[in-house]
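# Architecture and fold: a report
One-letter residues, chain by chain:
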Amino acid sequence: MTDCKPSPSPTDNTVQLSKHGETFADPSVYRIIVGALQYVAITRPEISFSVSRVRQYMYNPTMDHWKAVQRILHYLKGTLTYGLSIAPSTSSSMHVYCDVGWAADPDDRYHVSWLTSLLKELQLPCRRALVDRGQLSVRYIPSTDQTDDVFTKALSSSRFSQLRSKINVSKLDMSLLGGVR
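With that settled, consider the overall build of the chain. Secondary structure assignment for the chain yields seven helices and two strands. By the burial criterion, 28% of the 181 residues in the chain qualify as buried. Long-range pairs, those at least 24 residues apart, make up 73% of the contacts in the chain between residues at least 6 apart in sequence. Surface exposure of the chain reaches about 12300 Å², of which carbon and sulfur atoms provide 55%.

The structure is reproduced here in structure tokens:
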């Protein structure tokens, strides 16, 4: 992998993964790498969608799944100096985005929405009451303005790059104190 060609995005938006296909020869290697990628996604949130996709096939990976894992690794190889830039904020508001992907999974056509679980975890079960009191705002956002697409969809390289910068993942200054590199 040290000499691999970098990829402009972690996912090929023309490929739809499925549970059917040629079995990958070493599922334990697949699981180890995908497990490691889950940790990488903590500080590199732009790969979270791609990692989530390949994680679905941990117990029966195919060659197509392995190619998708390799694509993520190629992307990371080309963006080694990138990272999540976190700055202090005076705002205490929280913004939650949800993309309703009905029937997006080709294997079971199941819709998974994390918004309900998030609201339950945050102990906000009465969404209607919160909306009525003005404490929760539900808004339509046109597809062209949806920053969360980077977390929910396979995107073209140009769209991915555009949204990556909106979530504060960018090339970081890697110099140390005192100007040491």
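Turning our eyes to something else, we now look at the packing of helix H1 (residues 27–43) against helix H2 (residues 48–55). At a minimum axis separation of 10 Å, H1 and H2 run at an interaxial angle of 155°. Considering the angle they form, H1 stands roughly antiparallel to H2. In this structure, H1 crosses over H2, and the sense of that crossing is left-handed. Every residue of H2 that contacts H1 at Tyr30, Val34, Leu37, Gln38 and Ala41 is listed here: Ser48, Val51, Val54 and Arg55. Per-class residue counts for the contact of H1 with H2 are six nonpolar, two polar and one charged.

Our next topic: the pattern of salt bridges. Under the criterion given, the structure shown has two salt bridges. In this structure, the salt-bridge partner of Glu46 is Arg44, at a minimum N-O distance of 2.6 Å. Its salt-bridge partner being Lys153, residue Asp149 comes within 3.0 Å of it at the nearest N-O pair.

This part is about unusual backbone geometry. Trans is the prevailing form of peptide bonds, just as negative phi is the prevailing case for residues other than glycine. With a phi close to 65°, Asn168 is a non-glycine residue in the positive phi region. Along the chain, Asn168 falls in the loop between helix H7 (157–166) and strand S2 (169–171).

A word on the packing of aromatic side chains. Going through the model one piece at a time under the given rule, you end up with three aromatic pairs. Pairing Phe24 with Tyr30 gives two aromatic rings, centres 6.3 Å apart and planes at 55°, and the pair type is tilted. Just as Phe24 is buried, Tyr30 falls in that class too.

It is worth spelling out H1 at this point. Here H1 spans 26 Å end to end across 17 residues, near enough to the 24 Å set by a 1.5 Å rise per residue. Every buried residue of H1 is listed here: Tyr30, Val34, Gly35, Leu37 and Ala41. Buried residues along H1 cover an arc of 160° about the axis, so they all sit on one side. Structural note: H1 exposes Ile32, Tyr39 and Ile42 on the side pointing more than 90 degrees away from its buried face. Those residues of H1 that are buried are in contact with H2 and helix H3 (63–78).

This part is about the nonpolar core. One finds Tyr30, Ile47, Val54, Val69 and Ile72 to be the most contacted residues of the largest nonpolar core, which totals 23 residues. Of all the secondary-structure elements, those providing two or more residues to this core are H1, H2, H3 and H7. Beyond its immediate sequence surroundings of up to four residues, Val69 is in contact with Tyr30, Ile33, Val34, Leu37 and Val54.

So, about H3. In a regular helix each residue adds 1.5 Å, so 16 residues correspond to 22 Å; H3 covers 23 Å between its end C-alpha atoms and thus fits that length. Among the residues of H3, His65, Trp66, Ala68, Val69, Ile72, Tyr75 and Leu76 are the ones counted as buried.

What follows deals with the packing of H1 against H3. It is the contact of H1 with H3, at a shortest axis distance of 11 Å, that shows an interaxial angle of 40°. In this view, H1 runs oblique relative to H3, as classed from their interaxial angle. Once H1 is placed against H3, the crossing between them reads as left-handed. On H3, the residues that touch Val29, Tyr30, Ile33, Val34, Leu37 and Val40 of H1 are His65, Trp66, Val69, Ile72, Leu73 and Leu76. Residues that form the contact of H1 with H3 fall into these classes: eleven nonpolar, one polar and no charged.

Parameters at a glance
- Residues numbered from 1 in each chain as written.
- Predicted model: local features only at pLDDT ≥ 70, side-chain atom pairs only at ≥ 80, totals over all residues.
- Heavy atoms only, no water.
- Helix = DSSP H or I, 4+ residues; strand = E, 2+ residues; numbered from the N terminus.
- Buried < 20%, exposed > 50% of the residue type's maximum accessible area, 1.4 Å probe, protein only.
- Contact = heavy atoms within 4.5 Å.
- Areas by Shrake-Rupley, 256 points an atom, 1.4 Å probe, with all protein chains shown as cover.
- Axes fitted to C-alpha atoms, helices over the stretch in contact; angles between N-to-C directions.
- Parallel < 35°, antiparallel > 145°, perpendicular 65-115°, else oblique.
- Left-handed = near helix turned anticlockwise from the far one by under 90°.
- Nonpolar A, V, L, I, M, F, W, Y, C, P; charged D, E, K, R; others polar.
- Salt bridge = Lys/Arg side-chain N within 4 Å of Asp/Glu carboxyl O.
- Phe/Tyr/Trp six-rings, centres within 6.5 Å; stacked < 30°, edge-to-face > 60°.
- Expected span 1.5 Å × (residues − 1).
- Arc of directions from axis to C-beta.
- Core = buried A, V, L, I, M, F, W, Y, C linked by side-chain atoms within 4.5 Å.

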